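Understanding the architecture of this molecule
Each chain, written out:
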Amino acid sequence: MSLLDLKGITKSFGAIHALNGVDLSIAPGEAVGLMGDNGAGKSTLMKIIAGNFPPTRGQILIEGEAVLFHKPIDARNSGIEIVYQDLALCDNLTAAANVFLGREERTGIWPFRKLDHAAMTKRAGELFAELKSETRPRDLVRQMSGGQRQAVAIARTRLSDPKLVLMDEPTAAISVRQVAEVLNLIKRLKDTGHAVILVSHRMPDVFDVCDRVAVLRRGTKVADKPITQTTPEEVTGLIIGAIEAA
Amino acid sequence: MTDTAQQQSPAQKAMDHAAIDDSITSRQEMTGLGAMLRTQPFWVFVAILMLGLVMSFVSDAFMTERNMFNISRNMAFFGIMALGMSAVICTAGIDLSVGSLLGLAGINLALVLQAGWSVEVGFLACVGTAIIVGLINGILIAYLRLAPFVVTLGMLAMARSIAMVISNNKMVYEFGPDQDVFENIGGGSMMGVPNVVWVLTAMTLIFLWIWRYTQWGRWVIAIGGNPQAAKLSGIPVERVIVSVYVVCSLCTGIAAFMFIGYTGSATNAMGATYELNVISATVIGGANLMGGVVYALGAPIGAALVELIRNSLLLAGIPALWQQFFVGLFLILAVLLEQIRNRGGK
Ligand SMILES: Nc1ncnc2c1ncn2[C@@H]1O[C@H](COP(=O)(O)OP(=O)(O)OP(=O)(O)O)[C@@H](O)[C@H]1O
Ligand SMILES: [Mg+2]
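These numbers come from a predicted model, not from an experiment. (Residues numbered from 1 in each chain as written. Chains lettered and ligands numbered in written order. Predicted model: local features only at pLDDT ≥ 70, side-chain atom pairs only at ≥ 80, totals over all residues. Heavy atoms only, no water.)

Remarks on the packing of helix H5 (residues 65-90) of chain B against helix H10 (residues 195-213) of chain B
All names here are of chain B. This is how it is decided: Orientation is described by lines fitted to C-alpha atoms, with helices fitted over the stretch in contact, and by angles between N-to-C directions that extend from 0 to 180 degrees. Helix and strand assignments come from DSSP, with helices taken as H or I runs of at least 4 residues and strands as E runs of at least 2, each series counted from the N terminus. Oblique is the label for every angle not falling under 35 degrees (roughly parallel), over 145 degrees (roughly antiparallel), or within 65 to 115 degrees (roughly perpendicular). Less than a right angle of anticlockwise turn of the near helix away from the far helix marks a crossing as left-handed, whereas a clockwise turn marks it as right-handed. It only takes one pair of heavy atoms within 4.5 Å for two residues to be counted as in contact. Any residue that is not Ala, Val, Leu, Ile, Met, Phe, Trp, Tyr, Cys, Pro, Asp, Glu, Lys or Arg is counted as polar, Gly included; the first ten are nonpolar and the last four charged.
Contact geometry for H5 and H10: axes closest at 8 Å, N-to-C directions at 25°. Taken together, H5 and H10 sit at an angle that is classed as roughly parallel. Our pair here, H5 against H10, has a crossing hand that is left-handed. Residues Ser-72, Arg-73, Met-75, Ala-76, Phe-77, Gly-79, Ile-80, Leu-83 and Ala-87 of H5 pack against Val-196, Val-197, Val-199, Leu-200, Met-203, Thr-204, Phe-207 and Trp-211 of H10. Here the contact of H5 with H10 is built from residues that sort into 13 nonpolar, three polar and one charged.

This is the structure we're talking about:
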């Protein structure tokens, strides 16, 4: 049984039709690459799955059950974690604080219940080490490089044990070494039965870790193929419209 | 760095990574002292010491126990209100209604006491008024997404007007059977320190704890930094914003309770233009109107500077008409200082 099924997802922002009847399924342990030109609707689709806003039409099924997400926390409670394209970080907080934002660890009993800074700093440090990122948990995000910020956003998804991880261009601003680590992380997630949707403009990344590639063009899914049955050239053609559909 | 790294053996490299990771986790961005030097409250504190030093030469009356007692008592009322204002400003909001609320809560408190109720009931009436006003402000701002400036400006007018209507434009100075207890709470002192200063001290410690150790505090700071990100992280942004305005009003309610007890009378004009002093104290204490910055110590320190300016002008024989000028000047200087520090930091 598939983990996630999207059925006829349509999304309009007023006169703009961002998505037109998109179907997509993903099984546990599977990684799907979602590709498409700028403005094709990739982020919109990810945000719908993550509960940022509801689709105008269409259905989301998780393990066969129709779900309705009213807010991001609903999706998270259903086992979906997301790395947003704009990372959604608070610049004025530390890296550790951002990793744990909204699910801070606390110790002690009320009224002396307090944030467990030591535990959060330690855990965040472990997560950054796992990502081989030179990110210091106590640093303010404001002072961080693009790659470090990305590490913070990715580390967030590792706090729980989600069923599905959505990554919206997680490798856009990072070094070669860190790209390799993110790709390794995706492979590890697959090996442990997690599903991943990877939005990326980087063809080699998608062909390295994904089992399938889906292509969106102007809000419509024009291809959805196993990676073994396609080539970077074909995918490029699909993205830019040189190839109508496949 | 790349050259030497390439020449290392794999084992060496692996060890290096482990070492790097280790040092990264334990390394802190700044030492405690360095961090302190970068905060505005610290520099304002230095300014207070310098102004105090200058004043001790200018006026013999300055360094007297009497004058210190007065300064600390006067600044405490503003300090208590500024603690709450800090929370509001941290969310990039503003509360212009605190002065009017001081008047309204004070009148309600006075009328309840005058009617013969106990001081406890009076306290509840005072704080209850504050909570209601805070709730109205907060709900309009958080759920109806009205601009804080406009909502609280409207509340400034409405609360003042209601205070006038309720008091029938009369002064209240009869506080019923508990008059002595009540006036002693607001006007008395313990161990040579005014009670209201004790209240400010206790509340400052509570807010220190709140900003450092509570989830609520963390959420307020996060909302000030990036409300969208806070929302996406599952923080109940609207509810937190409402609570912030309630907390601000609550602080004003507590200040009103102490203030009426101290002055021994309540008029409906009480607290007019206090919003200027409270917001100035908060901003001078390091709050950033763009949100995301809060210091518990900033409120009392900012309030102390504002009061010190007032006191110094008085003792230096400069006409009281200049007071607001200097409060405004220091407000602008504080914002300028913040700008300069930020540029230096980047
Ligand atoms: N909140 C919104 N309001 C109005 N229009 C929107 C909104 N979000 C997205 N759109 C529109 O929907 C379309 C798809 O945008 P989306 O961000 O999903 O593209 P994308 O495929 O992620 O592009 P990119 O590769 O640049 O990230 C665009 O035309 C965009 O302008
Ligand atoms: Mg996008």
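Section: unusual backbone geometry
Residues and elements named next belong to chain A. Residues Trp-110 and Pro-111 are joined by a peptide bond in cis, for which omega reads 0°. Position of Pro-111 among the secondary structure elements: in the loop between strand E7 (106-107) and strand E8 (114-115). In this model, Leu-87 sits at a positive phi of 70°, which is unusual for a non-glycine residue. Looking at the element boundaries, Leu-87 is found in the loop between strand E6 (80-83) and helix H3 (95-99).

Description of the UniProt feature "transmembrane region" (unreviewed entry) in chain B
All names here are of chain B. What counts is decided by this rule: UniProt positions are given in the numbering used here, feature names are shortened, and annotations may be inferred rather than shown by experiment.
When the UniProt feature table is mapped onto this chain numbering, "transmembrane region" (unreviewed entry) sits at residues 42-63, 75-94, 124-143, 149-167, 188-211, 240-264, 276-301 and 313-337. Annotation note: span residues 42-63, helix share 77%, strand share 0%, distance between end C-alpha atoms 22 Å. Secondary structure within residues 276-301 divides into 50% helix and 0% strand; the distance between the first and last C-alpha atoms comes to 16 Å.

A few points about the site of ligand 1
All names here are of chain A. We count it as follows: We call a residue near a given molecule or strand whenever any one of its heavy atoms falls within 4 Å of it. Polar contact is defined as a pair of N or O atoms within 3.5 Å, subject to the rule that within protein one atom must be able to donate a hydrogen and the other to accept it, and that residues adjacent in sequence are counted only when both atoms are side-chain atoms. Accessible areas in this description were obtained via Shrake-Rupley with a 1.4 Å probe; residue shielding takes into account the shown protein chains only.
Around ligand 1 lies a shell of 14 residues, among which Asn-38, Gly-39, Lys-42, Ser-43 and Thr-44 are the nearest. A distance of 2.7 Å separates an oxygen atom of ligand 1 from a polar atom in the side chain of Lys-42. Contact between ligand 1 and Thr-44: an oxygen atom at 2.6 Å from a side-chain N or O atom of the residue. Isolated, ligand 1 exposes 640 Å² of accessible area, and the fraction of that covered by the protein chains is 64%. Looking at the shell around ligand 1, the elements with two or more residues in it are strand E2 (16-26) and helix H1 (42-49). Examining the composition of the shell around ligand 1, we find that three residues originate from one element, H1, more than from any other.

Some words on the pattern of salt bridges
The condition is simple: Any carboxyl oxygen of Asp or Glu that lies within 4 Å of a side-chain nitrogen of Lys or Arg is treated as forming a salt bridge with it. Exposure categories follow from relative accessible area, calculated using a 1.4 Å probe and restricted to protein chains: below 20% of the type maximum is buried, above 50% is exposed, and the middle band is partly exposed.
Applying the stated criterion across every chain, the model contains 21 salt bridges over all chains. Between Asp224(A) and Arg212(A) there is a salt bridge; the shortest N-O distance is 3.0 Å. With a gap of twelve residues between them, Asp224(A) in strand E12 (residues 220-226) and Arg212(A) in strand E11 (residues 212-217) connect regions that are remote in the sequence. We classify Asp224(A) as partly exposed; its relative accessible area is 27%. Residue classification places Arg212(A) among the buried positions, given a relative accessible area of 14%. In this structure, Glu238(B) engages Lys231(B) in a salt bridge whose closest nitrogen and oxygen atoms are separated by 2.9 Å. Looking at Lys231(B), the relative accessible area reads 34%, which means it is partly exposed. A single salt-bridge network, built from bridges that share partners, covers Glu30(A), Arg212(A), Lys221(A) and Asp224(A).

Regarding the environment of Trp209(B)
Within the secondary structure, Trp209(B) sits in helix H10. On the accessibility criterion, Trp209(B) (28% relative accessible area) is partly exposed. Expressed as a C-alpha distance, the spacing of Trp209(B) and Leu313(B), which sit 104 residues apart in the sequence, is 35 Å. Contact partners of Trp209(B), with chain neighbours within four places excluded, come to Pro111(A), Phe112(A), Arg113(A), Lys114(A) and Thr214(B).

Focus on the sheet that holds E12(A)
All names here are of chain A. Filter applied, for reference: A pair of strands is treated as paired once DSSP finds two or more bridges between them.
The six strands lie next to each other as E6-E9-E10-E3-E11-E12, forming an open sheet whose pairing is mixed. Both edges of this open sheet fall to E6 and E12, since each of them pairs with a single strand only. Across the sheet, the mean angle separating the axes of adjacent strands is 15° when strand polarity is ignored. Inspection of the sheet shows strand E3 (residues 31-36) paired to strand E10 (residues 195-199) by four bridges, in the parallel sense. Opposite Val-32, over in E10, you have Ile-197 as the bridge partner. Sitting on the sheet, H1 touches E3, E6, strand E9 (164-168), E10 and E11, and the angle it makes with E9 is about 150°. The sheet strands contacting helix H6 (residues 176-191) are E3, E9 and E10, and the helix crosses E9 at an angle near 160°.

A closer look at the interface of chain B and chain A
So the rule is basically this: Defined here as a combined quantity, buried area equals the accessible surface (1.4 Å probe) lost by two parts on assembly, summed across both.
On the side of chain A, 35 residues touch chain B, which itself brings 30 residues to the contact. Across the chain B to chain A interface the summed buried area is about 2,800 Å²; carbon plus sulfur atoms make up 57%. When the buried surface of chain B facing chain A is broken down by residue, Gln215(B), Arg218(B) and Leu232(B) rank first, second and third, together holding 23% of it. Connecting chain B to chain A are zero salt bridges. Taken together, the connections running from chain B to chain A amount to nine residue pairs in polar contact (both at pLDDT 80 or more). Elements that contribute at least two residues to the side of chain B that touches chain A include exactly helix H2 (10-26), H10, helix H11 (215-225) and helix H12 (227-232) of chain B. Here the residues of the side of chain B that touches chain A are counted per class, giving eleven nonpolar, twelve polar and seven charged.

What to know about the confidence of the model for chain B
Residue and element names in this part refer to chain B. What counts here: One number per residue, pLDDT, summarises how confident the predictor is, and it ranges from 0 to 100.
For chain B, per-residue confidence averages 88 on the pLDDT scale, and 90% of positions sit at 70 or higher. Within the model, the stretch residues 1-30 combines pLDDT values under 50 with 23 contacts to residues more than four positions away or in other chains. Here the prediction assigns the complex a pTM of 0.88, and the interface score ipTM is 0.88.

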